[in-house]
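Inside the fold
So the chains spell out like this:
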Amino acid sequence: MASNPSTLVEYPWKWLGNFKYVVLAPIVVHNIHSFFTSKEECWWDSGYLLLWPLMLLRMLHTQMWISLNRYKTAKGENRILDISIEFDQPDKERNWDDSIIFTALIFYCGYLMLEQTHNLPIWRTDGIILTALVHIGPVEFLYYWLHRSLHRHYLYSRYHSHHHSSIVTEPTAYIFHPFSEQLAYFMLFGIPMLTSVLTGTASVTSLAGYITYVDCFDMMGHCNFEIIPKWMFSIFPPLRYLMITATYHSLHHTHYRTNYALFVPMYDYIYGTLDKSTNILYEKSRERKGESPDVVHLTHLTTLESIYHIRLGFVYLASKPYTSKWYFWLIWPITLFSMMVTWIYNYTFIVERNICKNLNLQTWAIPKYRVQYNIQSQRENINKLIEKAITEADQEGIKVLSLGLLNQEEELNKNGELYIRRYPQLKMKVVDGSSLAVAVVLNSIPKGTSHVVLGGHLSKVAYFIAHALCQRGVKVVTLRKQEYNKLKAKLTHEAATNLVPSECYASKTWIVGDRLSKEEQLKAPKGTLFIPFSPFPPKKSRKDCVYFHTPAMIIPKHLENVDSCENWLPRRVMSAWRIAGILHALEGWNEHECGDMIFDIDKVWKASLDHGFLPLNMDSTA
């Protein structure tokens, strides 16, 4: 938001909230009316159907740049600025589609007012050349001076500081402007299009192509990585005066009083406002290699819709805890296509980059969905992907790799022990995070609890939770006889005396894992606290009970560059398995945590608190 906001900062339809697309209703009604009343040979033009594919293409185009920018900046290759981005930036830039709605309305009004826009040809070379010349000349010149004026104190404080609140830019920042500014910009960009229309040289290609050109270079300029290769300037040196780079505009967001030009830097050269460090920063960014982190968290996709919630997906959804949206059915072909890709694509990809004190952290993802982990024929391939990620991480000199979600399941790889046996000379430490997960669950149980119910699919974490509780004299009631027998076989004789097979579930504290059925949940008394011990939360079947989060903790302020949520967890909350890898590196522990091995639970819990991680409770995430 502008430091001293004035009038016309917000879009007129802000009050509509998530229903803002209703402003496009007149276009829809016009389309439908034209379809039924116009002559067959021209109904497609009367309905102005070009608006809909253009809107869709602009959204896809924007999303492409968002995903590319986030991937490249997480990887570190050609990154410009190392400053962190937090949740405030995706929050304020979430309405980037307002500009697309606004453009559609302007195009529609232009169609109604100007008869020359009807029945446009697909291509006209003279119109394309005219559009280009008008842009390079009048538009770039006028934009330069408008932009400079917006940096005067009066206009800057009331309007343009709204845009400059994003220092480390992302593609969504390019349309993060007050409504009045956006209106002024469209008046400028309308000059080439209106000129071609009024001269009778306009075409579908010149209008749609010009909008695409503006979007492309504006989003490229607001990326935090340098994409323009050096050879382009080597082959044609004058190109430096005709085309901006991402580093060029990044300097404008950090230095404010330089590099005002839109896409043609020539005017900054002419009027002496070129930043002297432009070429130096460009060279430095182009030469920058991808980073080798200290700690890697290896996760995977969950549901089919999770592809939209990861940090490389939809920014707004990634910044919120995972929830299914009704409108996903509209894009089910894309969802289905992503599923098909995961059967073919066999390369781990980088999702996120964080910083914790002196440690560089990265999150890598296995391109497989949860359902694929349950398919026996897929498990060998998944294990190969995990194994490849571990060996590559070790070769890069990474200190610790933590296994997240199903990547550390006993049925898959014996909690990571499979890889340690195959590669006994690993310098990197592999951590399944069980000790911290157990500690989080134990410290989530209300004080004074004398008995608990343990249910769901048993795992390594479940066994150690049961063992710790039994040793403390807490009665552990199992839901199933098979679970009772498995637990009893692993517990000491003394501890097993507190293990109870029972059909009486009066306890209001349930420690539950994955695959807990609805029928089993219905056995719990009203007001029961369900505390999960698995990475996946149980499906909520009771409204009169309290469901806690999966094992996780609130992260400290010194863990930076966090602008997305980890699956279904709240903001600035990380799973215990992910935190375990960070603690392992911070403490310098020189051993693996895999297989049946587990660290001292109290020691790990104390280390987490010492490093600023806080216990998670219902009040802290409300």
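Here the structure is a predicted model, which means the values were calculated and not measured.

**Some thoughts on the packing of helix α1 (residues 25–37) against helix α5 (residues 98–113)**
Packing of α1 against α5 brings their axes to within 10 Å, and their N-to-C directions diverge by 45 degrees. In terms of orientation, α1 lies oblique with respect to α5. For the crossing formed where α1 meets α5, the hand is left-handed. Note on element contacts: α5 touches α1 through A104, L105, Y108, Y111 and L112, opposite P26, I27 and H30.

**Regarding the UniProt feature "domain: Fatty acid hydroxylase" (unreviewed entry) in the protein chain**
With numbering matched to this structure, UniProt assigns "domain: Fatty acid hydroxylase" (unreviewed entry) to residues 134–273. Secondary structure content for residues 134–273 is 64% helix and 0% strand, while the C-alpha to C-alpha distance between its ends is 23 Å.

**Side note on the pattern of salt bridges**
Following the criterion strictly, the structure yields 31 salt bridges and no others. A salt bridge links R70 to D563; the nearest nitrogen and oxygen atoms lie 3.2 Å apart. With R70 in helix α3 (residues 51–75) and D563 in the loop between β13 (559–560) and β14 (573–575), this residue pair connects regions lying 493 residues apart in the sequence. Judged on exposure class, the residue R70 and its partner D563 are both buried.

**Focus on empty space enclosed by the protein**
Any space left empty among the atoms is revealed by the rolling of a water-sized probe across them. Evaluation of the coordinates by the stated rule reveals eight cavities of 30 Å³ or more. Roughly 360 Å³ of internal volume is contained in the largest cavity. What lines the largest cavity is a set of 27 residues, and nearest its centre among them are T299, I310, C565, E566 and N567. Broken down by secondary-structure element, the contributors of at least two residues to the lining of the largest cavity are β1 (295–300), α14 (306–309), β2 (349–356), β3 (359–366) and α26 (576–587). With three residues, the single largest contributor to the lining of the largest cavity is β1. Of the residues belonging to the lining of the largest cavity, the class tally is 11 nonpolar, 12 polar and four charged. If you add up the space inside the second largest cavity, you get close to 310 Å³. Residue lining of the second largest cavity: 27 residues in total, with Y174, Q182, F189, V214 and D218 positioned closest to the centre. For the lining of the second largest cavity, the elements supplying multiple residues, two or more each, are α5, α6 (125–150), α7 (153–164), α8 (179–198), α9 (204–221) and α11 (246–255). Ranked by residues supplied to the lining of the second largest cavity, first place goes to α9 with five residues.

Procedures and definitions
- Residues numbered from 1 in each chain as written.
- Predicted model: local features only at pLDDT ≥ 70, side-chain atom pairs only at ≥ 80, totals over all residues.
- Heavy atoms only, no water.
- Axes fitted to C-alpha atoms, helices over the stretch in contact; angles between N-to-C directions.
- Helix = DSSP H or I, 4+ residues; strand = E, 2+ residues; numbered from the N terminus.
- Parallel < 35°, antiparallel > 145°, perpendicular 65-115°, else oblique.
- Left-handed = near helix turned anticlockwise from the far one by under 90°.
- Contact = heavy atoms within 4.5 Å.
- UniProt positions renumbered as here; feature names shortened; annotations may be inferred.
- Salt bridge = Lys/Arg side-chain N within 4 Å of Asp/Glu carboxyl O.
- Buried < 20%, exposed > 50% of the residue type's maximum accessible area, 1.4 Å probe, protein only.
- 1 Å grid on protein atoms, 1.4 Å probe; cavity = no way out; pocket = protein on both sides within 12 Å on 5 of 7 lines; lining within 4 Å.
- Points joined across faces, edges and corners; volume = space filled by probe spheres on them.
- Nonpolar A, V, L, I, M, F, W, Y, C, P; charged D, E, K, R; others polar.

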